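Overview (structure and organization)
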Amino acid sequence: MGSETGKFPFPGIETTGDGAATVVWVETNVCQGACAYPITSSTTMGGGFQTAHANGYVNLWGEKLEFIEPESEHSSASTCEGFAVAGGRVTNFTSGQGLILMKEVLYTISGKRLPVVFHIGARALTSQGLNVHAGHDDVMGVADTGWGILFGKNAQESGDLALIARRAAEASETPFMNVQDGFLTTHTVENVRLPEKEFMKQFVGDPNKKLRNLMDPDNPIMSGVVQNQDSYMKGKIAQRYFYARVPNALQEAFDEFYRLTGRRYDFIECYRMDDAEYALIAMAGLSETAMASVDWMREVKGVKVGVVNITSYRPFPDKQLLNALKNVKAVTVLERMDDPLAPSNPLTRDLKAAFSDAVSGIGNLPKVDRIPPILSVSAGLGSRDCRPGHFWAAVQNMQAAKPRSFYCLGIKHPLAIDMQEDPDVRPEGAFSMRGHSVGGYGSVTTNKVIATIAGEVFKQDVQAYPKYGSEKKGLPTTYYLTIAKEHIRTHCELEMIELVVLNDVNALVSGNPLLGITKGGALFMQSDKGDPEDVWRGIPAYAKELVREQNVRVYYLDMVQVAREVCSIPDLLMRMQGVVLVGTFMKITPFQKRLGLSDEQVFQGIEKVVRKYWGKRGDKVVAENMAAITRGFKEFKEIPRPVIFSDAAQAASAGD
């Protein structure tokens with residue numbers, strides 16, 4: 001996906017948002033309704049649409065939105081079917097088991113040629129255990145239902161592909177799924193360009209003029225009837241007429257989208273493949289991390305590696321993949337699932353089939369003389385961290401005399417390959433923060449607020465996301481933020497960081513929250529102590545040593561007490577303590593000084609963002625949040641360097 005915004009009529013509205021927000025923006029404007037029983041991690045998409053409905057939001061054609069929440073995902077899919085049969089433009093939001101529960105209905109939706117679009121927060125399925133995080137086994141479990149399937153690799157693509165899927169679906173009378181990684185994209189705040197309303201109206205058109213009502217009593221037809229032996233197969237094979245139209249409809253949607261916005265999409269996206277000797281193949285967020293990683297491999301290791309990101313899984317882009325891969329020495333396919341009883345995992349299987357047919361001369365495929373080694377990897381299951389070093393390990397395996405044909409990455413197991421080196425592939429000059437908190441403290445929302453300020457006030461590129469656990473409220477939560485001058489492509493946990501925040505100081509005894517902190521970095525912590533010597537005394541010895549070794553600045557503030565004094569609404573008290581961090585972050589990080597902004601300018605920008613998040617709760621809540629932020633900006637304290645080094649000197653003296 002590329003963009004040259006100056007040359008195109010609809011470059012998009014610059015803002016910040018996560019993958020769920022970009023989808024909600026599109027669907028609340030172009031749809032007539034949603035029938036959904038949202039399941040984690042698609043819940044924020046369903047919640048966003050339902051909120052718009054409750055607030056009386058109207059779509060681009062002046063129609064009030066409908067929102068129907070039946071008693072299950074199966075019922076929500078059936079309700080979407082009924083909505084679409086009657087000629088309505090409808091959507092749905094689901095994940096994991098919810099998508100699998102719909103499977104029976106998905107076949108009937110495609111069989112009736114109903115051009116709906118469902119949005120999937122791809123999630124690992126409950127197998128040996130329950131997991132609510134990213135996996136592609138839910139989507140692969142329904143890949144045979146006759147739907148188009150598009151994968152977005154970041155928040156921008158999730159919103160753009162929502163529109164592209166809608167246009168292609170209605171042009172080909174084929175339903176589509178628009179897929180993004182659960183939590184890793186649905187909940188990651190990034191810089192985005194939202195499609196303009198006038199563009200969306202032009203691009204997808206009025207549903208009342210485009211869609212067919214199969215229940216129109218003035219034009220009765222049969223649909224979904226019982227068929228015996230003489231009719232069923234005829235009808236099933238006749239469906240191929242519609243499926244033959246899908247590739248052209250999708251290509252036309254890609255091309256028209258580029259013509260109007262400057263953002264280029266295609267069935268596949270090739271990155272540094274022109275001279276590549278080795279290729280990494282993936283879908284969704286793994287692809288973008290791979291792209292950042294191969295830049296390092298080329299520049300530091302001198303290995304010619306490229307990435308192929310698959311945007312359209314269905315229809316499967318066999319011709320495009322063959323053209324991209326026919327000259328490489330080896331290919332590694334990374335998939336967020338594991339299917340042990342099959343010959344290979346699904347994407348690997350499809351790629352091998354395409355090469356086999358091409359070599360055999362079957363079908364209308366590009367001429368291929370050889371099949372390169374196609375190696376398969378299970379990685380990132382259940383959002384297990386997949387790092388740049390893992391991609392380098394995959395390339396090293398391709399270079400080996402006897403490469404492993406199947407393995408996994410990111411865990412300790414006989415089938416796993418360990419990474420030997422884990423490079424920092426963030427953009428040059430990037431600033432990263434890792435926070436350690438407790439679910440319910442408001443820290444995750446605070447992180448989003450900081451990212452929004454950095455993106456919309458400081459005009460930086462941002463990426464902010466939480467490491468949610470299934471346990472949620474009351475238990476440890478980790479959150480991440482990176483700010484840079486260019487797009488941030490790494491979708492993995494941060495282990496090279498400039499700032500550590502301890503909303504929960506218990507993190508100091510339950511692990512090592514300072515892991516990866518850079519030279520000259522900073523630590524900010526919650527403390528109810530006023531005397532810096534008392535604060536320093538409470539820090540464990542290992543952490544003190546790291547602070548001294550890395551020359552870390554240490555700041556502290558009683559955020560809990562500030563929240564108690566500022567907040568008048570008991571329900572918001574716990575969350576308000578997290579908001580205090582916004583002010584301190586602005587003061588101890590380099591951005592205000594680097595950009596030459598006055599305190600007044602900074603606070604004007606902060607208030608604008610605070611109103612964006614909490615304005616609907618009223619002026620009183622906005623004022624109290626601003627008071628908490630102001631105190632965070634002004635009242636934090638630093639542990640002086642003599643205090644930090646005095647006990648080290650005392651310990652050395654005692655040793656002598």
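Quick look at the structure, then. Here the residue numbering is sequential within each chain, running from 1 through the sequence in written order. Reporting in this predicted model follows two pLDDT cut-offs: at least 70 for local features of residues, and 80 or more for side-chain atom pairs to be given and counted; totals over whole chains, interfaces and linings ignore these cut-offs and use all residues. Excluding hydrogens and water, the side-chain figures rest on all heavy atoms present in the structure.

Overview of the nonpolar core
Ranked by size, the top nonpolar core spans 54 residues in total, and within it Phe118, Phe151, Met177, Ile281, Tyr313 and Leu325 carry the most contacts. Not counting residues within four places of it along the chain, the set of residues in contact with tyrosine 313 comprises Met140, Ala143, Ile149, Phe151, Met283, Pro346, Leu347 and Asp350. Side-chain atoms within 4.5 Å are what join buried Ala, Val, Leu, Ile, Met, Phe, Trp, Tyr and Cys residues into a set we call a nonpolar core. Think of it in three bands: residues with accessible area under 20% of the maximum for their type are buried, residues over 50% are exposed, and the middle band is partly exposed, with areas taken using a 1.4 Å probe on protein chains only. Contacts are assigned to residue pairs with any non-hydrogen atoms lying within 4.5 Å of each other.

A word on the pairing of strand β13 (residues 330-335)
A run of H or I in DSSP counts as a helix once it spans at least four residues, and a run of E counts as a strand once it spans at least two, with each numbered from the N terminus. For β13, the tally of buried residues reaches 6 of 6 residues, placing the bulk of the element in the interior. Between any two strands, at least two bridges found by DSSP are needed for them to pair. The sheet contact formed by strand β10 (residues 278-282) and β13 spans 4 bridges and is parallel. For alanine 279, the partnering residue across the bridge sits in β13 and is valine 331. Both β13 and strand β14 (residues 374-378) contribute to a ladder of 5 bridges, which runs parallel.

Structural notes on helix α17 (residues 443-456)
The first and last C-alpha atoms of α17 sit 20 Å apart over 14 residues, in line with the 20 Å expected at 1.5 Å per residue. Of all 14 residues in α17, 12 are buried, a share of seventy percent or more. Here α17 has its buried residues at Ser443, Val444, Thr446, Asn447, Lys448, Val449, Ile450, Ala451, Thr452, Ile453, Ala454 and Gly455. By definition here, a helix of n residues has an expected span of 1.5 Å times n minus one.

Focus: the sheet that holds strand β18 (residues 476-484)
Two strands in a sheet stick together by hydrogen bonds in their backbones, pointing the same way (parallel) or opposite ways (antiparallel). The 9 strands lie next to each other as β1-β8-β17-β18-β16-β19-β20-β21-β22, forming an open sheet whose pairing is mixed. On the outer flanks of this sheet lie β1 (13-17) and β22 (637-638), each paired with one strand and no other. With 7 bridges joining them, strand β17 (residues 461-467) and β18 adopt antiparallel strand pairing. For proline 466, the partnering residue across the bridge sits in β18 and is tyrosine 479. A fitted line through C-alpha atoms represents every axis, and for helices the fit uses only the stretch in contact; the resulting angles, taken between N-to-C directions, go from 0 to 180 degrees. With respect to the sheet, helix α7 (residues 155-172) is in contact with β1 and β8 (189-194), its orientation differing from that of β8 by roughly 35 degrees.

Examining the environment of valine 30
In this structure, valine 30 sits in helix α1 (residues 19-30). For the pair valine 30 and leucine 60, spaced 30 residues apart in sequence, the C-alpha to C-alpha distance is 6.2 Å. The residues touching valine 30, leaving out its near neighbours within four places in the chain, are Leu60, Trp61, Arg89, Leu163, Met200 and Val204.

A closer look at unusual backbone geometry
Following threonine 40, the chain continues into serine 41 via a peptide bond in cis, with omega recorded as 15 degrees. Secondary-structure assignment places serine 41 in the loop between β2 (33-35) and α2 (43-54). Of the consecutive residues arginine 314 and proline 315, the connecting peptide bond is found in the cis state with omega at 0 degrees. Note that proline 315 resides in the loop between β12 (312-314) and α14 (318-325). In this model, phenylalanine 183 sits at a positive phi of 65 degrees, which is unusual for a non-glycine residue. Here phenylalanine 183 shows up in the loop between β7 (176-181) and β8. You will see that arginine 272, though not glycine, has its phi angle at about 55 degrees, which is positive.

A few points about the environment of isoleucine 569
Secondary-structure assignment places isoleucine 569 in the loop between α21 (559-566) and α22 (570-588). Spatially, the C-alpha atoms of isoleucine 569 and tyrosine 278 are 58 Å apart, while their sequence positions differ by 291 residues. Each residue touching isoleucine 569, except ones within four places of it in the same chain, is listed here: Val621 and Glu624.

Let's talk about the layout of surface pockets
A volume near 1300 Å³ is recorded for the second largest pocket. Cavity: a set of points on a 1 Å grid over the protein atoms alone where a 1.4 Å probe fits but cannot get out. Pocket: an open set with protein on both sides within 12 Å along at least five of seven lines, its lining residues, like those of a cavity, having an atom within 4 Å of a point. If you go around the second largest pocket, you meet 37 residues; those closest to its centre are Gly111, Arg113, Lys236, Gln239 and Tyr243. Of all the secondary-structure elements, those providing two or more residues to the lining of the second largest pocket are α5 (103-111), α10 (229-238), α11 (240-243) and α12 (246-261). Sorting elements by how many residues they give to the lining of the second largest pocket places α10 first, with 5 residues. Ten residue types, Ala, Val, Leu, Ile, Met, Phe, Trp, Tyr, Cys and Pro, are classed as nonpolar, four, Asp, Glu, Lys and Arg, as charged, and the remainder, Gly among them, as polar. Across the lining of the second largest pocket, the residue classes break down as 17 nonpolar, 12 polar and 8 charged. Grid points are joined across faces, edges and corners, and a volume is the space filled by probe spheres set on the points.

Here's the deal with the packing of α17 against helix α24 (residues 599-614)
Each pair of packed helices gets described by two things: the angle between the helix axes and the distance between those axes. It is the contact of α17 with α24, at a shortest axis distance of 10 Å, that shows an interaxial angle of 135 degrees. Viewed along their axes, α17 and α24 adopt a mutual orientation that is oblique. Here α17 and α24 pass one another in a crossing that is right-handed. Each of Thr445, Lys448, Val449, Thr452, Ile453 and Glu456 in α17 lies in contact with α24, whose residues at this interface are Ile606, Val609, Lys612, Tyr613 and Trp614. Along the lines of polarity and charge, the residues of the contact of α17 with α24 split into 6 nonpolar, 2 polar and 3 charged. Here the word oblique covers every angle except those under 35 degrees (roughly parallel), over 145 (roughly antiparallel) and from 65 to 115 (roughly perpendicular). Crossings are assigned a handedness: left-handed for a near helix turned anticlockwise from the far helix by less than a right angle, right-handed for a clockwise turn.

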